[in-house]
Amino acid sequence: MFHSFTFGLCLDMATSSSLLSEDKLLCFICLDVFTEPVTTSCGHNFCKACISKYWDSTCVCQFCTETDHKAPNTVPLEEECGERKVKLGKTEAEMQQMIQERLQKVKEIKHSVELSKKDARREISDSVQVFTDLVRSIERSQGELIEVIEEKQKAAEQAIIELKGRSTELEQLLHTEDHLHLIQSFPSLCTPPHTQDWSEISVHSDLCVGTLMRAVFQLDETLNKEMEKLPEVKLKRMKRMQQYEVDITLDPDTAHPELILSEDEKQVRHGDTQINLPDNPERFERVVNVLGKDGFSSGRFYYEVTVKGKIEWDLGVASESINRKGPITLSPKNGYWAVEKPQKVGVFVDYEEGQVSFYDVEARSHIYSFTGCTFTEKLYPYFSPCFNDGVKNSAPLIISPVNYTD
């Protein structure tokens, strides 16, 4: 059954939207202005009576005969126009939302770029300060080295002058006829100062070798001391790492059956006895390991782990595809970036830069960094409290909230 409507409504709609020209207001069959216009499902418009009469003999649309497009049903033009407007409005709204999202993303990127520029300026400033102090130390050590070498050279030259004087006096005594003077002078001339054996007297041409080695060792100590005098640099470095803090929880589905996790999944310790757990593919079977619940495949992240009271442990990050059923060796080629020791360890990962760094949180010092890595899969925080060894190593590993450095 057809649903007709007044031509005036359709005309108003067409006029207001400027979508229909004069020729589009004519029925193709009767070539007159539409009477009770309807639209076929293929999108063509006719008078209701014209298309109904035409379809008494055929069900093919007048416009689509060449392509044999059948359209036995009709849709009132009013409804078609309304549906098109609704679709157009929906599309426009979606486009507006997409534009807003893109603008917001551009804004976020611009903000990130500005932060990156500020970080870069701070890094340059800190680096210049560090290297300026180190250059001063090197220049000072170089000056001290030159002074020592010059003093040694002067001492050697003075020794040569004294030896030449003694040689001249001995030459004169050799030809003297005053035997009494010869006897009186000989003992003092044959005993060089500060030595018991004349054969030990020599002057070395490589005076600076030992001095240079000592200076280099001293410089190494000096450089280390100079680095320790720059706590503000270490402080800033820690603060920058800490801003990428993530909330880490342990994944019980990966935990070795002898590991005991705390209720909040923030602590792990060895339990001596094996718990009866499902042997799923993610669970470690031979080594007492557990992973964090969430993996990371981009960006930067940082977390801290308290290891106080433990004598043995491992932690770091591990690739998703690591071997979980057999023995392991901790190395990047096996998918592990791990470290041992201190009281509280900070772990920082920059996925895009291919860097995993470890920090002694309390000393605010850098422990070690794996650099130039190529990550191709998710990385998961990795923990191993190791075996208890009686009660010597029974303390748990604790994922600690970050205490932001002041």
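Conventions used here
Residues numbered from 1 in each chain as written. Predicted model: local features only at pLDDT ≥ 70, side-chain atom pairs only at ≥ 80, totals over all residues. Heavy atoms only, no water. Helix = DSSP H or I, 4+ residues; strand = E, 2+ residues; numbered from the N terminus. Buried < 20%, exposed > 50% of the residue type's maximum accessible area, 1.4 Å probe, protein only. Phe/Tyr/Trp six-rings, centres within 6.5 Å; stacked < 30°, edge-to-face > 60°. Lys NZ or Arg CZ within 6 Å of the ring centre and 35° of its normal. Pairing = 2+ DSSP bridges. Axes fitted to C-alpha atoms, helices over the stretch in contact; angles between N-to-C directions. Core = buried A, V, L, I, M, F, W, Y, C linked by side-chain atoms within 4.5 Å. Domains from an automatic or database assignment. UniProt positions renumbered as here; feature names shortened; annotations may be inferred. Contact = heavy atoms within 4.5 Å. Salt bridge = Lys/Arg side-chain N within 4 Å of Asp/Glu carboxyl O. Polar contact = N/O pair within 3.5 Å; in protein donor to acceptor, adjacent residues only side chain to side chain.

Draft legend 1. Main features of the overall build of the chain. Helix and strand counts for the chain stand at 6 helices and 14 strands. Relative to its 406 residues, the chain shows a buried fraction of 33%.

Draft legend 2. How the structure looks around the packing of aromatic side chains. Going through the model one piece at a time under the given rule, you end up with 8 aromatic pairs. Seen in terms of ring centroids, Tyr368 and Phe370 are 5.0 Å apart; in terms of plane orientation they differ by 80 degrees. Their pairing is edge-to-face. Overall, Phe370 belongs to the buried group, its relative accessible area being 15%. Ring-pair connections join several aromatic residues into one group, and the members of that group are Trp337, Tyr351 and Phe375. Against the face of Phe284 rests Arg324, its NZ or CZ located 5.9 Å from the ring centre.

Draft legend 3. Representation of the sheet that holds strand S5 (residues 267-270) in the model. On the basis of which strands lie adjacent, the open sheet formed by 7 strands has the order S4-S5-S14-S7-S10-S11-S12 and antiparallel pairing. Every interior strand has two partners, whereas the edge strands, strand S4 (259-261) and strand S12 (365-370), have only one. If you compare each strand with its neighbour and ignore which way they point, the axes differ by 20 degrees on average. In this sheet, strand S11 (residues 355-360) lies alongside strand S10 (residues 344-350) in antiparallel orientation, the contact comprising 6 bridges.

Draft legend 4. How the structure looks around unusual backbone geometry. Positive phi, normally seen in glycine, also occurs at Glu36, with a value near 45 degrees. Topologically, Glu36 is positioned in the loop between helix H1 (7-17) and strand S1 (37-40).

Draft legend 5. Highlighting the nonpolar core. Counting residues in hydrophobic clusters, the biggest one holds 30 residues, and the most contacted among them are Tyr303, Leu315, Trp337, Val356, Phe358 and Phe383. Those elements giving two or more residues to this core turn out to be strand S7 (300-306), strand S8 (314-319), strand S9 (336-339), S10, S11, strand S13 (379-384) and strand S14 (397-400). The residue makeup of this core includes at least three contributed by each of domain 2 (248-339) and domain 3 (345-391). Of all hydrophobic cores here, the second largest spans 9 residues; its members include Val287, Ala318, Tyr380 and Tyr382.

Draft legend 6. Just the UniProt feature "coiled-coil region" (unreviewed entry) in the chain, in detail. Under the local residue numbering, the UniProt record ascribes the feature "coiled-coil region" (unreviewed entry) to residues 138-166. Along residues 138-166 one finds 100% helix and 0% strand; the C-alpha atoms at either end are 42 Å apart.

Draft legend 7. Summary view of the environment of Cys373. Note that Cys373 resides in the loop between S12 and S13. In the structure, Cys373 is positioned 36 residues away from Trp337 in sequence and 9.9 Å away in space, judged by C-alpha atoms. Every residue in contact with Cys373, bar those within four places of it in the chain, is listed here: Trp337 and Gly354.

Draft legend 8. A look at the pattern of salt bridges. Counting across every chain of the model gives 6 salt bridges. A salt bridge links Lys266 to Asp247; the shortest N-O distance between them is 2.4 Å. Placement of Lys266 in the loop between S4 and S5 and of Asp247 in the loop between helix H6 (231-242) and S4 is noted, with a sequence separation of 19 residues between them. On the basis of relative accessible area, Lys266 is assigned to the buried category, the value being 19%. Residue Glu265 is joined to Lys293 by a salt bridge in which the shortest nitrogen-to-oxygen separation is 2.7 Å. Here Glu265 is found in the loop between S4 and S5, whereas its partner Lys293 is found in the loop between strand S6 (290-291) and S7, with 28 residues between them in sequence. Judged by its relative accessible area of 19%, Glu265 is buried. Assessed through its relative accessible area of 38%, Lys293 is described here as partly exposed.

Draft legend 9. The side chain of Ser369, seen in detail. Among the structural elements, Ser369 can be located in strand S12. Reaching out from Ser369, the side chain makes a polar contact with the side chain of His366 at a distance of 2.6 Å. Excluding residues within four positions of it along the chain, Ser369 makes contact with Gln355, Val356 and Ser357.

Draft legend 10. The arrangement of the environment of Tyr351 in detail. In this fold, Tyr351 is placed in the loop between S10 and S11. Discounting chain neighbours no more than four positions away, the residues touching Tyr351 are Phe296, Ser297, Ser298, Gly299, Phe375, Thr376, Glu377, Lys378 and Leu379. Within the structure, the side chain of Tyr351 is placed 2.7 Å from the backbone oxygen of Glu377, a separation counted as a polar contact.

Draft legend 11. Geometry of the sheet that holds S9. If you trace the 4 strands from one edge of the open sheet to the other, you get S6-S13-S8-S9, paired in antiparallel fashion. Only two strands of the sheet have a single partner each, and these edge strands are S6 and S9.

Draft legend 12. Up close: the pairing of S12. Here S11 runs beside S12; their pairing, made up of 5 bridges, is antiparallel. Bridged to Val356 within S12 is Phe370. In sequence, S11 turns back onto S12 through a hairpin of 4 residues, with Arg364 there showing a positive phi of about 55 degrees.

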